[in-house]
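One-letter residues, chain by chain:
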Amino acid sequence: MLRLLAWPILCAMLFVLSSCSNFDKEFTVYSANTTIEVYTDGSAFVSEHFDTLVKKAENYGGVYVDIPQRFTDGSGGVHWRDFELAAARLDGIDEYYSKENNVPGYSVYIGREHCKSCSADLPTGVTKIQIAYWLGRLVRQEGDREVLFLPAYMGRVHGQGAKKTLTLKLPPGGTVRPSQQDRAAAYDITRSAPNEIFVSIPAGKADRNLPDIEIEYPAGTFVIVTSGDRVRWWLSDHFLPFIGILGPLIAGLFVLTSLGQGWRLPAPLIAVDIKMTKSISPALAAYLFRNWKTDAAKAAFMASVCQLAVKRMLRISGLDEDAGASNLFTKQERKAGRSKWYGLPAATRLVFGHIEGQRPVGDRRRVVLARRTSRDELCKAVAEEYRKSRGKDRWSWAAIFSILVLGIVLAWFSGLLLLSTAICGILLLSLIAVMAFLHPERLSVQTDFGQAFSFFVTFPALAIVALCYIGTTEVISEQRPYLVAILLHIVGIAIVLGMLRRPTPKQRQMRSNMLILNRYFLGEIEGPAMSVDCYEHYLPFAVALDVEQRWTERFNLWRESEKMDAYAPDWRISS
């Protein structure tokens, strides 16, 4: 099912990333008029009208209007205006609209809805677009004065060739700051009525660089701000910076905590941990003792065969590759003794299955043939057992999920979601390419045409489209700090994922126990008292650690001291 869905999903991603139009070739805005009515509570109702010429019959279907919300107070602090959309109309009729987040504010799309059953094109000719919205938090306190400040042009559409006018309807008692009157080169300000100011902006001016219009009022003109509003404003001012810092902070704390656990060595073992020995398989002991080197595969297999023998699952003629196995535990016996059978580690049961699958010669099966066929599966089974011994690493996945959610929220509210998706796509495709180069055996391109097509055609195409999108997307100065924060979120997720490969204290303790167990086999330290049961229990581990001969010698010395008869176990084939 996933393979069937892979191609449509990739095509959809390709379409989304490549569905950008050239607005300047499709639309021309030749006039823009804005009316702002300011109230004594510090809010304003804004109505904007754009006369737009649709030049091409096939067009994007609408325009974007940017609503700036970001402003800087007299002390340099960055704040956000409140915004609430009231209406979006096309030729006087309510029209479809959508809002997109951006660092400077909102970008509101007004036009035809894009869907399969919708005609997205606007008819050619003159189209009138209207947007109305509420703005709040337009007044700041400066000493004994209150300052009303407004952007010279409250919105921007594609195309800078239009002449723009702005009509301000204000509470009485305000005066335009002298510094604003000296900026005639940017725009013309005239008082058209006692409480009305008319602003004319020449064509071709860069809207974002125009200075704010600042009007001074005596203290007490506007409604006093409540403590609740101050708290809400403080949270909105620091929301994005807080999220931008929180994600990397979580990653950093997780790394420091994990490294701290790594620096704290496990409690030194002075004796064999019998309980831990019972909880792992001899195959895993072989890999732990050899620090996961490839030469551990043979010892892991033979240790599993030995465990099957001492558990009376089969009989074996020796503990070397030339050994033969007979009297295998039958399916009826396994069904009757389920607890005994499933009490064995998964790796040991896997080895039994491969021995059982060999064609017998007489009444015996050659162990070496089973080892050759089970090598890869045994390694995977041991790796899975080791992974499970790690326990439920809830903190790691909780950190990854938290950083991911914070990164998505930051990208959404900063207007960088598509750009961040394209960057993550490039990184993911690069990782896939590196893994394919390092492990070419995982790509079965000769037998799987779909996989080959995706790897050699679709993936490069997606990479090219994503790179084009990244290269052509404008990141304004206000967005750059948040783009850096998003990249730090991605790095944080990669670091936490990398930390998952580090052994946990429990896993380090397991390897330490194998080193202690080896010293016990060699007689360097004391351990469990010798007995027949003790010898048989630890014999598979002695085979795993390649000290089976020394362990058997110790057992024989114990038998002589106890004046025991010759040891002839029923799991060993005598002839």
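Here's a quick rundown of the structure. Since we're looking at a predicted model, the values are computed, not measured.

Bringing helix 11 (residues 367-389) into the picture now. Taking 1.5 Å per residue as the helical rise, helix 11 with its 23 residues ought to reach 33 Å, whereas the 29 Å between its terminal C-alpha atoms falls clearly short. The largest bend along helix 11 measures about 60 degrees and falls at serine 374.

The next subject is the environment of isoleucine 213. As for its placement among the helices and strands, isoleucine 213 is situated in strand 17 (residues 213-218). With a relative accessible area of 1%, isoleucine 213 lands in the buried category. It is 7.7 Å that separates the C-alpha atoms of isoleucine 213 and valine 176, two residues lying 37 residues apart in sequence.

On to the pairing of strand 9 (residues 105-111), then. On a regular strand, each side chain points to the face opposite its neighbour's, so the side chains alternate between the two faces of the sheet. Among the seven residues of strand 9, six are classified as buried, and the element is accordingly described as predominantly covered. Across seven bridges, strand 3 (residues 62-68) lies against strand 9 in antiparallel orientation. Bridging across to strand 9, valine 65 finds its partner in valine 108. Examined bridge by bridge, strand 8 (residues 97-101) and strand 9 share five bridges and lie antiparallel to one another. Of the residues in strand 9, the one forming a bridge with asparagine 101 is tyrosine 106. The turn linking strand 8 back onto strand 9 is made up of three residues.

One open sheet accounts for three strands, arranged 3-9-8; its pairing is antiparallel. This sheet does not close on itself; its edge strands, each paired only once, are strand 3 and strand 8. Geometrically, the sheet is characterised by an average inter-axis angle of 25 degrees between neighbouring strands, direction not taken into account.

Turning next to the packing of aromatic side chains. Scanning all chains against the criterion turns up 24 aromatic pairs. Between tyrosine 64 and tyrosine 109, the aromatic rings sit 5.2 Å apart at their centres with planes inclined by 55 degrees, giving tilted as the arrangement. Here tyrosine 64 is found in strand 3, whereas its partner tyrosine 109 is found in strand 9, with 45 residues between them in sequence. According to the relative accessible area criterion, tyrosine 109 is buried, its value standing at 2%. Centroid distance tyrosine 538 to tryptophan 551: 6.3 Å. Interplanar angle 75 degrees. Geometry classified as edge-to-face. Taken as a pair, tyrosine 538 in helix 17 (residues 532-544) and tryptophan 551 in helix 18 (residues 548-561) lie far apart in primary sequence, 13 residues in all. In this structure, tyrosine 538 and tryptophan 551 share a single accessibility class: buried. Aromatic rings pair up to connect Tyr520, Phe521, Tyr535, Tyr538, Trp551, Phe555, Trp558 and Tyr567 into one cluster. Above the ring of tyrosine 106, the side-chain terminus of lysine 99 is found at 5.1 Å from the ring centroid.

Calculation criteria
- Residues numbered from 1 in each chain as written.
- Predicted model: local features only at pLDDT ≥ 70, side-chain atom pairs only at ≥ 80, totals over all residues.
- Heavy atoms only, no water.
- Helix = DSSP H or I, 4+ residues; strand = E, 2+ residues; numbered from the N terminus.
- Expected span 1.5 Å × (residues − 1).
- Bend = angle between axes of the 7 residues up to and from the residue.
- Buried < 20%, exposed > 50% of the residue type's maximum accessible area, 1.4 Å probe, protein only.
- Pairing = 2+ DSSP bridges.
- Axes fitted to C-alpha atoms, helices over the stretch in contact; angles between N-to-C directions.
- Phe/Tyr/Trp six-rings, centres within 6.5 Å; stacked < 30°, edge-to-face > 60°.
- Lys NZ or Arg CZ within 6 Å of the ring centre and 35° of its normal.

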